[in-house]
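Structural overview
Each chain, letter by letter, is given below.
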Amino acid sequence: MEWWQGIYKAIKEANVRQVAYVPDAGHAKLIHACINDNEITTISLTTEEEGVAVLSGAWLGGDRGVLLMQSSGVGNCVNMFSLAKTCQFPLAVFVTMRGQWNEFNPWQLPMGSTTKPTLETAGFSVNTAESPNDVADFASATLHHAFVGGEMSALLLHQKLTPVKTFSK
Amino acid sequence: MTSNAQNFPLRRRTIVPELLKDRGDMLVVAGLGSTAWDITAAGDHDLSFPLWGAMGGAVSIGIGLAISQPKHRVLVITGDGEMLMGMGSLATAARLDLVNLSICVLDNEHYAETGMQTTHTSLSTNLAAIASGCGFENAVTVSSENELADVLPRLKKGPGMQFVSIKVRIEKLDFSLPPKDGVYLKTRFRKAILGDSAIASS
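This report concerns the structure included in the present document. Chains are numbered independently. Their residues run from 1 in the order of the written sequence. By the order in which they are written, chains take letters starting at A while ligands take numbers starting at 1. For this predicted model, a pLDDT threshold of at least 70 governs which residues receive local features, and a threshold of 80 or more governs which side-chain atom pairs are given and counted, while totals over whole chains, interfaces and linings are taken from all residues. Excluding hydrogens and water, the side-chain figures rest on all heavy atoms present in the structure.

1. Notes on the overall build of chain B
As a reminder, the rule being used: Starting at the N terminus, helices and strands are each numbered in turn, a helix being any DSSP run of H or I of at least four residues and a strand any DSSP run of E of at least two. Here the globule rule is a power law, 2.2 Å times the number of residues to the power 0.38, and the radius of gyration is based on C-alpha atoms. With a 1.4 Å probe rolled over the protein chains alone, any residue whose accessible area is under 20% of its type maximum counts as buried; one over 50% counts as exposed, and the rest are partly exposed. Contact criterion: two residues are considered in contact whenever any of their non-hydrogen atoms come within 4.5 Å of each other. Every accessible area reported is derived by Shrake-Rupley at a probe size of 1.4 Å, with residue values counting cover from the shown protein chains alone.
Along the backbone of chain B there are eight helices and eight strands. For 202 residues, the compact-globule estimate of 2.2 N^0.38 gives 17 Å, and chain B sits close to it at 16 Å. Along the first, second and third principal axes, the C-alpha set of chain B runs to 55 × 35 × 30 Å. For chain B, the proportion of its 202 residues judged to be buried stands at 55%. Of the contacts made within chain B by residues no fewer than 6 positions apart, 75% connect residues no fewer than 24 positions apart. Accessible area for chain B stands at about 8,500 Å²; split by element, carbon and sulfur atoms hold 51% of it.

2. Let's talk about the sheet that holds strand 3 (residues 74-79) of chain B
Residues and elements named next belong to chain B. Stated formally: If DSSP finds at least two bridges between two strands, the strands pair. For helices, the fitted axis covers only the stretch in contact; all axes are lines through C-alpha atoms, and the angles between them, taken along N-to-C directions, range from 0 to 180 degrees.
Spatial strand order, 2-1-3-4-8-7: six strands in an open sheet with parallel pairing. Strand pairing shows two members of the sheet lacking a second neighbour, strand 2 (48-50) and strand 7 (138-142), which therefore form its edges. Neighbour to neighbour, the strand axes of the sheet diverge by 15 degrees on average, direction disregarded. With six bridges joining them, strand 3 and strand 4 (residues 101-107) adopt parallel strand pairing.

3. Observations concerning the packing of aromatic side chains
The line we're drawing: Here a pair means two rings of Phe, Tyr or Trp (six-membered ring of Trp) with centres within 6.5 Å. Their orientation is stacked below 30 degrees between planes, edge-to-face above 60, and tilted elsewhere. Ring-over charges, as used throughout, are those where CZ of Arg or NZ of Lys falls within 6 Å of the ring centre and within 35 degrees of the ring normal.
According to the stated counting rule, one finds seven aromatic pairs over all chains in the structure shown. For the pair Trp59(A) and Phe147(A), a centre-to-centre distance of 6.3 Å together with 15 degrees between the ring planes defines the contact as stacked. With Trp59(A) in helix 3 (residues 48-60) and Phe147(A) in helix 7 (residues 135-147), the pair connects residues that are 88 residues apart, well separated along the chain. Under the relative-accessibility criterion, Trp59(A) is labelled buried at 14%. Classification of Phe147(A) as buried rests on a relative accessible area of 7%. Between Phe81(A) and Phe124(A), the ring centres sit 4.8 Å apart and the planes meet at 70 degrees, which makes this aromatic pair edge-to-face. With Phe81(A) in helix 5 (residues 81-87) and Phe124(A) in the loop between helix 6 (109-122) and strand 5 (125-129), this residue pair connects regions lying 43 residues apart in the sequence. Here Phe81(A) matches Phe124(A) in class, with each residue buried. An aromatic cluster of three or more residues is present, and its members are Phe89(A), Phe49(B) and Phe189(B). Its guanidinium or amino end placed over the ring of Trp101(A), Lys160(A) lies 5.0 Å from that ring's centre, counting from NZ or CZ. In this structure, Lys180(B) is placed above the aromatic ring of Trp52(B), and the distance from its NZ or CZ to the ring centre is 5.9 Å.

4. Re the environment of Thr119(B)
Residue and element names in this part refer to chain B. Summarising the element assignment, Thr119 is placed in the loop between strand 6 (117-118) and helix 6 (127-134). For Thr119, a relative accessible area of 2% translates into the label buried. For the pair Thr119 and Cys134, spaced 15 residues apart in the sequence, the C-alpha separation amounts to 21 Å. With sequence-adjacent residues up to four places away left out, Thr119 is seen in contact with Asp80, Gly81, Leu84, Glu109, His110 and Tyr111.

5. What to know about the packing of helix 1 (residues 12-20) of chain B against helix 2 (residues 34-41) of chain B
All names here are of chain B. We count it as follows: With respect to orientation, any angle under 35 degrees is reported as roughly parallel, any angle over 145 as roughly antiparallel, any angle of 65 to 115 as roughly perpendicular, and every other angle as oblique. Helix crossings are classified by the rotation of the near helix relative to the far one: an anticlockwise turn of less than a right angle makes the crossing left-handed, while a clockwise turn makes it right-handed. Only Asp, Glu, Lys and Arg are considered charged, only Ala, Val, Leu, Ile, Met, Phe, Trp, Tyr, Cys and Pro nonpolar, and every remaining residue, Gly among them, polar.
Helix 2 packs onto helix 1 with a crossing angle of 60 degrees between their chain directions and a minimal axis gap of 9 Å. The orientation of helix 1 with respect to helix 2, classified from their angle, is oblique. The way helix 1 lies across helix 2 gives a crossing that is right-handed. For the pair helix 1 and helix 2, contact is made by Arg12, Arg13, Val16 and Leu20 and by Ser34, Thr35, Trp37, Asp38, Ile39 and Ala41, respectively. Residue composition of the contact of helix 1 with helix 2, grouped by class: five nonpolar, two polar and three charged.

6. Remarks on the pattern of salt bridges
This is how the line gets drawn: Salt bridges are counted wherever a side-chain nitrogen of Lys or Arg sits within 4 Å of a carboxyl oxygen of Asp or Glu.
Here the structure, examined in full by the defined rule, presents 16 salt bridges over all chains. Between Lys116(A) and Glu120(A) there is a salt bridge, with its nearest N and O atoms 3.1 Å apart. Separated by four residues within a single helix, Lys116(A) and Glu120(A) lie in helix 6, roughly one turn from each other. For Lys167(B), the salt bridge identified is with Asp107(B), shortest N-O distance 2.9 Å. Linking Lys167(B) in strand 8 (residues 162-167) with Asp107(B) in strand 4, this pair joins segments that are 60 residues apart in sequence. According to the relative accessible area criterion, Asp107(B) is buried, its value standing at 1%. Among the charged side chains, a salt-bridge network with shared partners connects Lys12(A), Asp37(A) and Glu39(A).

7. Overview of the environment of Ser89(B)
Turning to its location among the elements, Ser89(B) is positioned in helix 5 (residues 88-96). Sequence separation between Ser89(B) and Thr141(B) is 52 residues, and the spatial gap between their C-alpha atoms is 18 Å. The contacts of Ser89(B), once residues within four sequence positions are left out, are Thr46(A), Glu50(A), Val59(B), Ser60(B), Ile63(B) and Met83(B).

8. Comments concerning the nonpolar core
Applicable threshold: Residues belong to a common nonpolar core when they are buried Ala, Val, Leu, Ile, Met, Phe, Trp, Tyr or Cys residues joined through side-chain atoms within 4.5 Å.
Counting residues in hydrophobic clusters, the biggest one holds 92 residues, and the most contacted among them are Phe81(A), Phe124(A), Leu101(B), Ile103(B), Phe136(B) and Phe163(B). Tallying contributions element by element places helix 3 (residues 58-68) of chain B first for this core, with seven residues. Excluding its chain neighbours within four sequence positions, the residues that come into contact with Phe124(A) are Phe81(A), Leu91(A), Val93(A), Leu119(A), Met152(A), Ser153(A) and Ala154(A). Core analysis: the next-biggest nonpolar cluster, separate from the first, contains 21 residues, Val16(B), Leu20(B), Val28(B) and Val151(B) among them.

Okay, structure coming up:
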């Protein structure tokens, strides 16, 4: 099983109906699987903060949802996180890390180094999966914390897990 | 530079009660500020979700709600300032072609809560044109009673996805404040639509 399949399996077991995302290479296979799943509505966002609000609306109507993004997107969400915090909306986010490990683009470094403290400051509990074998269990725990605990819960996917991006062939 | 909004004929506190009259099982999200006060002045309701923050998020909340409750009409009522902050959400909604989603912008061309500064809609920005450009087939701006009579039923019943920007007079109105406890607003809404299962432990 590839690591992303651990997340897919967990969101299926948790009965997740809405998957909101800003595309990211690290999440590409998971996004593709969700698009091809008739039980899941995928919501392609123009910016990650929309996803926080979309999932709040989903919960109001009785749907469970998750938000997929890369670390740069966390910075885009900060004020909208207060919607989840103030109303105690469950919020499960899966973040592929940039600027953390063999990053070729220095412009990714500022958010790469501040993603975890930003999420914690906003009220999330945060776990990081570094090994492919850990992702499924962490994903399941992240969803449980959100939907059973009613909390804001984030899983960071270490950059070691995702393909090294370069502009060479 | 000021706009002509103090002379606009349409007035928000007569429009919103019309929109919400006989609302049935319609689900309502209101953007922060004036529109949240407007829906409260028209009568607070368990199936209303007035925002006190999350500026730019009203349409996005409507998107998630419309997907989760396809048999209900979802009406997002918001202001021009709030809509300008979340314009990307119009593209997100249009791409999904959510046939049960209506968006009503009460456009007074000003940030009424913060000192009456003009918004972009007072000069160059046409929100209905933006919605249309995002893919809304039904996206119009109305500024007269006759035009309003045509769009109100479409906002309430469709067909399909609707976007209406209503040019409304800038005016000083009483605050009519909804509950501001977000957990309460969330729970009463879920209980009203989902029943006791919304609050049962799982």
